[in-house]
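Chain by chain, the residues run as shown.
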Amino acid sequence: MYQLIDGKAISQQIKDELKEKVEKLKTQGTEICLAVIQVGNDPASGVYVNNKKKACAYIGIQSLSYELPEETTEEELLKLIGELNAKEEVNGILVQLPLPKQINEEKILLAIDPAKDVDGFHPANVGNLSIGRPGYVSCTPAGVIQLLKRSGIEIEGKECVVLGRSNIVGKPMAMLLLRENGTVTVCHSRTKNLKEITKRADILVAALGKPKFVDASYIKEGAVVIDVGIHRNENNKLCGDVDFEEVAPHTSAITPVPGGVGPMTIAMLMHNCVEGVENS
Ligand code: GUN
(Lines give C-alpha, C1' and ligand atoms only; values in the text may rest on other atoms or scores of the structure.)
Protein backbone atom coordinates (compact mmCIF):
# COMPACT_ATOMS: atom_id res chain seq x y z
CA MET A 1 0.00 0.00 0.00
CA TYR A 2 1.36 3.39 -0.94
CA GLN A 3 1.47 6.56 1.15
CA LEU A 4 -0.74 9.33 -0.21
CA ILE A 5 1.18 12.58 0.27
CA ASP A 6 -1.41 15.07 1.50
CA GLY A 7 -0.42 18.51 0.22
CA LYS A 8 -3.56 20.07 1.57
CA ALA A 9 -2.81 19.01 5.14
CA ILE A 10 0.90 19.81 4.92
CA SER A 11 0.27 23.26 3.41
CA GLN A 12 -2.26 23.96 6.18
CA GLN A 13 0.32 22.97 8.78
CA ILE A 14 2.85 25.37 7.23
CA LYS A 15 0.30 28.19 7.07
CA ASP A 16 -0.60 27.67 10.74
CA GLU A 17 3.08 27.79 11.73
CA LEU A 18 3.47 31.01 9.75
CA LYS A 19 0.33 32.52 11.26
CA GLU A 20 1.82 32.06 14.70
CA LYS A 21 5.12 33.62 13.60
CA VAL A 22 3.34 36.61 12.07
CA GLU A 23 1.34 37.17 15.26
CA LYS A 24 4.59 37.21 17.22
CA LEU A 25 6.20 39.64 14.74
CA LYS A 26 3.17 41.93 15.11
CA THR A 27 3.58 42.09 18.88
CA GLN A 28 7.14 43.24 18.15
CA GLY A 29 5.76 45.96 15.89
CA THR A 30 6.67 44.28 12.58
CA GLU A 31 4.07 44.11 9.82
CA ILE A 32 4.52 42.15 6.57
CA CYS A 33 3.17 43.46 3.30
CA LEU A 34 3.01 41.71 -0.10
CA ALA A 35 2.21 43.59 -3.32
CA VAL A 36 0.40 41.37 -5.84
CA ILE A 37 0.28 42.56 -9.45
CA GLN A 38 -1.94 41.02 -12.10
CA VAL A 39 -1.98 42.36 -15.66
CA GLY A 40 -5.02 41.47 -17.77
CA ASN A 41 -7.77 39.03 -16.83
CA ASP A 42 -6.54 35.53 -17.53
CA PRO A 43 -9.09 33.46 -15.57
CA ALA A 44 -6.52 30.98 -14.20
CA SER A 45 -4.28 33.83 -13.03
CA GLY A 46 -7.32 35.43 -11.40
CA VAL A 47 -7.92 32.27 -9.35
CA TYR A 48 -4.25 32.02 -8.32
CA VAL A 49 -4.04 35.69 -7.36
CA ASN A 50 -7.24 35.42 -5.31
CA ASN A 51 -5.92 32.38 -3.47
CA LYS A 52 -2.67 34.23 -2.73
CA LYS A 53 -4.57 37.17 -1.28
CA LYS A 54 -6.76 34.81 0.78
CA ALA A 55 -3.67 33.08 2.19
CA CYS A 56 -2.21 36.48 3.12
CA ALA A 57 -5.40 37.37 5.01
CA TYR A 58 -5.39 34.02 6.83
CA ILE A 59 -1.79 34.37 7.98
CA GLY A 60 -2.01 38.06 8.83
CA ILE A 61 0.08 39.42 5.96
CA GLN A 62 -1.17 42.65 4.43
CA SER A 63 -1.69 42.38 0.67
CA LEU A 64 -1.75 45.28 -1.76
CA SER A 65 -3.60 44.39 -4.93
CA TYR A 66 -2.78 45.91 -8.32
CA GLU A 67 -5.11 44.80 -11.10
CA LEU A 68 -3.89 46.38 -14.32
CA PRO A 69 -5.68 46.29 -17.69
CA GLU A 70 -4.63 43.92 -20.48
CA GLU A 71 -3.24 46.84 -22.54
CA THR A 72 -0.82 48.01 -19.80
CA THR A 73 2.55 48.91 -21.33
CA GLU A 74 5.91 47.61 -20.22
CA GLU A 75 6.88 51.14 -19.16
CA GLU A 76 3.80 51.45 -16.94
CA LEU A 77 4.48 48.12 -15.25
CA LEU A 78 8.17 48.97 -14.79
CA LYS A 79 7.18 52.28 -13.22
CA LEU A 80 4.90 50.53 -10.71
CA ILE A 81 7.61 48.02 -9.83
CA GLY A 82 10.06 50.88 -9.32
CA GLU A 83 7.65 52.55 -6.91
CA LEU A 84 7.07 49.32 -4.98
CA ASN A 85 10.82 48.64 -4.85
CA ALA A 86 11.25 52.04 -3.18
CA LYS A 87 8.42 51.60 -0.67
CA GLU A 88 9.94 50.51 2.61
CA GLU A 89 6.66 49.08 3.94
CA VAL A 90 6.39 46.67 0.97
CA ASN A 91 8.36 43.50 1.76
CA GLY A 92 7.44 41.36 -1.23
CA ILE A 93 6.48 41.98 -4.86
CA LEU A 94 4.76 39.35 -6.97
CA VAL A 95 3.96 39.78 -10.65
CA GLN A 96 1.59 37.02 -11.71
CA LEU A 97 2.69 35.24 -14.90
CA PRO A 98 1.98 34.96 -17.78
CA LEU A 99 2.05 38.60 -18.87
CA PRO A 100 0.37 40.02 -22.01
CA LYS A 101 2.52 39.72 -25.12
CA GLN A 102 3.52 43.39 -25.32
CA ILE A 103 5.41 43.03 -22.03
CA ASN A 104 8.83 41.38 -21.88
CA GLU A 105 8.63 38.98 -18.95
CA GLU A 106 12.38 38.78 -18.43
CA LYS A 107 12.69 42.55 -18.25
CA ILE A 108 9.96 42.67 -15.61
CA LEU A 109 11.45 39.93 -13.45
CA LEU A 110 14.84 41.67 -13.62
CA ALA A 111 13.29 44.93 -12.42
CA ILE A 112 12.04 43.48 -9.12
CA ASP A 113 14.41 44.17 -6.22
CA PRO A 114 15.92 40.70 -5.48
CA ALA A 115 15.35 41.41 -1.76
CA LYS A 116 11.59 41.64 -2.48
CA ASP A 117 11.45 38.84 -5.07
CA VAL A 118 9.32 36.39 -3.04
CA ASP A 119 8.75 34.26 -6.17
CA GLY A 120 12.50 33.59 -6.39
CA PHE A 121 12.55 34.29 -10.15
CA HIS A 122 15.22 37.05 -10.25
CA PRO A 123 18.57 35.86 -11.66
CA ALA A 124 20.27 36.96 -8.42
CA ASN A 125 18.10 34.55 -6.41
CA VAL A 126 18.41 31.79 -9.02
CA GLY A 127 22.20 32.24 -8.90
CA ASN A 128 22.29 32.20 -5.11
CA LEU A 129 20.38 28.92 -5.08
CA SER A 130 22.81 27.36 -7.54
CA ILE A 131 25.87 28.22 -5.40
CA GLY A 132 24.25 27.44 -2.07
CA ARG A 133 23.88 31.01 -0.81
CA PRO A 134 20.79 32.18 1.06
CA GLY A 135 18.06 33.80 -1.04
CA TYR A 136 14.47 33.37 -2.16
CA VAL A 137 13.68 29.98 -3.70
CA SER A 138 10.99 29.37 -6.33
CA CYS A 139 7.84 28.34 -4.44
CA THR A 140 6.70 25.18 -6.24
CA PRO A 141 10.01 23.28 -6.03
CA ALA A 142 10.50 24.52 -2.45
CA GLY A 143 7.05 23.08 -1.73
CA VAL A 144 8.07 19.70 -3.17
CA ILE A 145 11.03 19.55 -0.76
CA GLN A 146 8.69 20.31 2.16
CA LEU A 147 6.26 17.59 1.02
CA LEU A 148 9.10 15.05 1.00
CA LYS A 149 10.60 16.14 4.31
CA ARG A 150 7.31 16.38 6.16
CA SER A 151 6.28 12.95 4.84
CA GLY A 152 9.45 11.41 6.28
CA ILE A 153 11.02 10.72 2.88
CA GLU A 154 14.80 10.95 2.87
CA ILE A 155 16.49 12.61 -0.13
CA GLU A 156 20.16 12.16 0.73
CA GLY A 157 21.88 9.62 -1.49
CA LYS A 158 18.71 8.90 -3.46
CA GLU A 159 18.46 8.75 -7.25
CA CYS A 160 16.30 11.76 -8.07
CA VAL A 161 14.96 12.26 -11.59
CA VAL A 162 13.31 15.53 -12.60
CA LEU A 163 11.15 15.45 -15.74
CA GLY A 164 11.15 18.97 -17.20
CA ARG A 165 13.64 21.83 -17.22
CA SER A 166 11.60 25.00 -16.84
CA ASN A 167 13.11 28.00 -15.08
CA ILE A 168 10.26 28.04 -12.56
CA VAL A 169 10.15 24.34 -11.62
CA GLY A 170 12.54 21.87 -13.28
CA LYS A 171 15.83 23.73 -12.90
CA PRO A 172 15.34 25.00 -9.32
CA MET A 173 13.92 21.55 -8.40
CA ALA A 174 17.17 19.94 -9.52
CA MET A 175 19.21 22.47 -7.52
CA LEU A 176 17.15 21.90 -4.36
CA LEU A 177 17.39 18.11 -4.59
CA LEU A 178 21.13 18.50 -5.06
CA ARG A 179 21.29 20.77 -2.00
CA GLU A 180 19.60 17.92 -0.08
CA ASN A 181 22.38 15.58 -1.26
CA GLY A 182 20.30 13.69 -3.80
CA THR A 183 21.88 12.33 -7.00
CA VAL A 184 20.03 14.31 -9.62
CA THR A 185 19.24 13.74 -13.30
CA VAL A 186 17.20 16.22 -15.33
CA CYS A 187 15.27 14.84 -18.33
CA HIS A 188 13.55 16.86 -21.04
CA SER A 189 11.94 16.62 -24.47
CA ARG A 190 15.25 15.72 -26.17
CA THR A 191 16.27 13.06 -23.65
CA LYS A 192 17.01 9.69 -25.19
CA ASN A 193 15.95 6.41 -23.54
CA LEU A 194 13.75 8.32 -21.11
CA LYS A 195 12.23 5.27 -19.44
CA GLU A 196 15.64 3.78 -18.75
CA ILE A 197 16.45 6.87 -16.73
CA THR A 198 13.11 7.31 -14.96
CA LYS A 199 13.12 3.63 -13.98
CA ARG A 200 16.28 4.31 -11.96
CA ALA A 201 14.54 6.98 -9.89
CA ASP A 202 13.95 6.53 -6.18
CA ILE A 203 12.27 9.93 -6.34
CA LEU A 204 10.62 11.02 -9.59
CA VAL A 205 9.38 14.59 -9.98
CA ALA A 206 7.12 15.07 -13.01
CA ALA A 207 7.02 18.68 -14.20
CA LEU A 208 6.83 18.41 -17.96
CA GLY A 209 3.33 19.78 -18.49
CA LYS A 210 1.76 16.85 -20.36
CA PRO A 211 -1.44 15.32 -18.98
CA LYS A 212 -1.00 11.73 -17.71
CA PHE A 213 2.33 11.39 -19.55
CA VAL A 214 3.91 9.21 -16.86
CA ASP A 215 2.39 5.74 -16.79
CA ALA A 216 3.51 2.64 -14.88
CA SER A 217 6.16 1.79 -17.50
CA TYR A 218 8.24 4.81 -16.31
CA ILE A 219 8.31 3.75 -12.66
CA LYS A 220 10.64 1.63 -10.56
CA GLU A 221 8.64 -0.48 -8.10
CA GLY A 222 8.48 1.37 -4.77
CA ALA A 223 9.54 4.79 -6.08
CA VAL A 224 8.28 8.08 -4.65
CA VAL A 225 6.38 10.04 -7.32
CA ILE A 226 5.72 13.79 -7.11
CA ASP A 227 3.33 15.24 -9.70
CA VAL A 228 3.73 18.97 -10.38
CA GLY A 229 1.41 19.02 -13.40
CA ILE A 230 -2.13 20.31 -13.37
CA HIS A 231 -4.47 20.01 -16.35
CA ARG A 232 -8.14 19.63 -17.12
CA ASN A 233 -9.02 16.42 -18.94
CA GLU A 234 -11.77 15.94 -21.53
CA ASN A 235 -14.39 15.64 -18.73
CA ASN A 236 -13.23 18.92 -17.16
CA LYS A 237 -11.67 16.94 -14.29
CA LEU A 238 -8.25 17.91 -12.93
CA CYS A 239 -5.34 15.59 -13.63
CA GLY A 240 -1.55 15.76 -13.41
CA ASP A 241 1.46 14.75 -15.51
CA VAL A 242 1.14 11.30 -13.94
CA ASP A 243 -1.55 8.71 -14.62
CA PHE A 244 -2.36 8.41 -10.93
CA GLU A 245 -4.65 5.35 -11.07
CA GLU A 246 -2.12 3.32 -13.00
CA VAL A 247 1.05 4.55 -11.27
CA ALA A 248 0.03 4.76 -7.59
CA PRO A 249 -0.01 0.98 -6.88
CA HIS A 250 3.64 0.77 -8.03
CA THR A 251 4.87 3.54 -5.72
CA SER A 252 5.74 3.76 -2.03
CA ALA A 253 4.39 7.33 -1.93
CA ILE A 254 2.69 9.64 -4.41
CA THR A 255 1.04 13.07 -4.56
CA PRO A 256 -2.53 13.35 -5.87
CA VAL A 257 -3.79 16.05 -8.27
CA PRO A 258 -5.48 18.10 -6.95
CA GLY A 259 -4.36 18.27 -3.32
CA GLY A 260 -0.68 17.45 -3.76
CA VAL A 261 1.88 19.98 -4.94
CA GLY A 262 -0.69 22.68 -5.82
CA PRO A 263 -1.50 23.96 -2.33
CA MET A 264 2.21 23.96 -1.43
CA THR A 265 3.08 26.74 -3.89
CA ILE A 266 1.05 29.31 -1.98
CA ALA A 267 2.21 28.02 1.41
CA MET A 268 5.82 28.50 0.31
CA LEU A 269 5.07 31.96 -1.07
CA MET A 270 3.79 32.85 2.39
CA HIS A 271 6.89 31.25 3.88
CA ASN A 272 9.08 33.43 1.65
CA CYS A 273 7.21 36.59 2.70
CA VAL A 274 7.73 35.82 6.40
CA GLU A 275 11.29 34.54 6.05
CA GLY A 276 12.34 37.66 4.14
CA VAL A 277 11.20 39.88 7.00
CA GLU A 278 12.70 37.62 9.69
CA ASN A 279 16.08 37.70 7.94
CA SER A 280 16.13 41.43 7.22
N1 GUN B 1 2.19 31.73 -12.81
C2 GUN B 1 2.14 30.39 -12.61
N3 GUN B 1 2.81 30.05 -11.50
C4 GUN B 1 3.29 31.20 -10.97
C5 GUN B 1 4.07 31.50 -9.81
O6 GUN B 1 4.47 30.64 -9.01
N7 GUN B 1 4.34 32.81 -9.62
C8 GUN B 1 3.92 33.77 -10.46
N9 GUN B 1 4.26 35.03 -10.19
N10 GUN B 1 3.22 33.53 -11.55
C11 GUN B 1 2.91 32.25 -11.80
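Since the model is a prediction, treat every value here as computed from it, not as a measurement. (Residues numbered from 1 in each chain as written. Predicted model: local features only at pLDDT ≥ 70, side-chain atom pairs only at ≥ 80, totals over all residues. Heavy atoms only, no water.)

> Which residues make up helix H2 (residues 43–59), and what values do they have?
In this model H2 runs 25 Å from its N-terminal to its C-terminal C-alpha over 17 residues, within 8% of the 24 Å that 1.5 Å per residue would give. Those residues of H2 not exposed but buried are Ser45, Val49, Lys52, Lys53, Ala55, Cys56 and Ile59. One side of H2 carries all its buried residues, which in axial view fall inside an arc of 155 degrees. Exposed and facing more than 90 degrees away from the buried side of H2 are Pro43, Lys54 and Ala57. (Helix = DSSP H or I, 4+ residues; strand = E, 2+ residues; numbered from the N terminus. Expected span 1.5 Å × (residues − 1). Buried < 20%, exposed > 50% of the residue type's maximum accessible area, 1.4 Å probe, protein only. Arc of directions from axis to C-beta.)

> Mind laying out the nonpolar core, listing which residues take part and the relevant values?
One finds Leu34, Ile61, Leu148, Leu177 and Met270 to be the most contacted residues of the largest nonpolar core, which totals 50 residues. Among the elements that make up this core, the one with the highest residue count is helix H10 (residues 262–279) (nine residues). For leucine 148, the residues in contact, after removing those within four places along its chain, are Ile153, Ile155, Leu177, Ile203, Val224 and Ile226. Core analysis: the second largest hydrophobic core is formed by 19 residues, Leu84, Val95, Ile108 and Phe121 among them. (Core = buried A, V, L, I, M, F, W, Y, C linked by side-chain atoms within 4.5 Å. Contact = heavy atoms within 4.5 Å.)

> Break down the pairing of strand S3 (residues 62–68) for me, citing the residues and quoting the values.
Successive residues of a regular strand alternate their side chains across the two faces of the sheet. The pairing of strand S2 (residues 33–39) with S3 spans seven bridges and is classified as parallel. Bridge assignment links valine 36 to a residue of S3, and that residue is serine 65. Assessed by its sense of winding, the connection that carries the chain from S2 through H2 to S3 is right-handed. (Pairing = 2+ DSSP bridges. Right-handed = clockwise from strand over helix to strand, strands pointing away.)

> Give me the packing of aromatic side chains: which residues, what numbers.
Following the criterion strictly, the structure yields two aromatic pairs and no others. Aromatic side chains tyrosine 2 and phenylalanine 244 sit 6.2 Å apart centroid to centroid with 85 degrees between the ring planes, which places their arrangement in the edge-to-face category. A residue pair is termed long-range when its members are at least 10 positions apart, and tyrosine 2 in the segment before strand S1 (3–4) and phenylalanine 244 in helix H9 (residues 244–247) qualify at 242 residues. Residue tyrosine 2 is classed as partly exposed on the basis of its relative accessible area, which comes to 23%. Ring centres 5.4 Å apart and planes at 45 degrees place the aromatic pair phenylalanine 213 and tyrosine 218 in the tilted group. Residue class for phenylalanine 213 comes out partly exposed when judged on its relative accessible area of 25%. (Phe/Tyr/Trp six-rings, centres within 6.5 Å; stacked < 30°, edge-to-face > 60°.)

In short, shape yes, function no, at least from these values alone.
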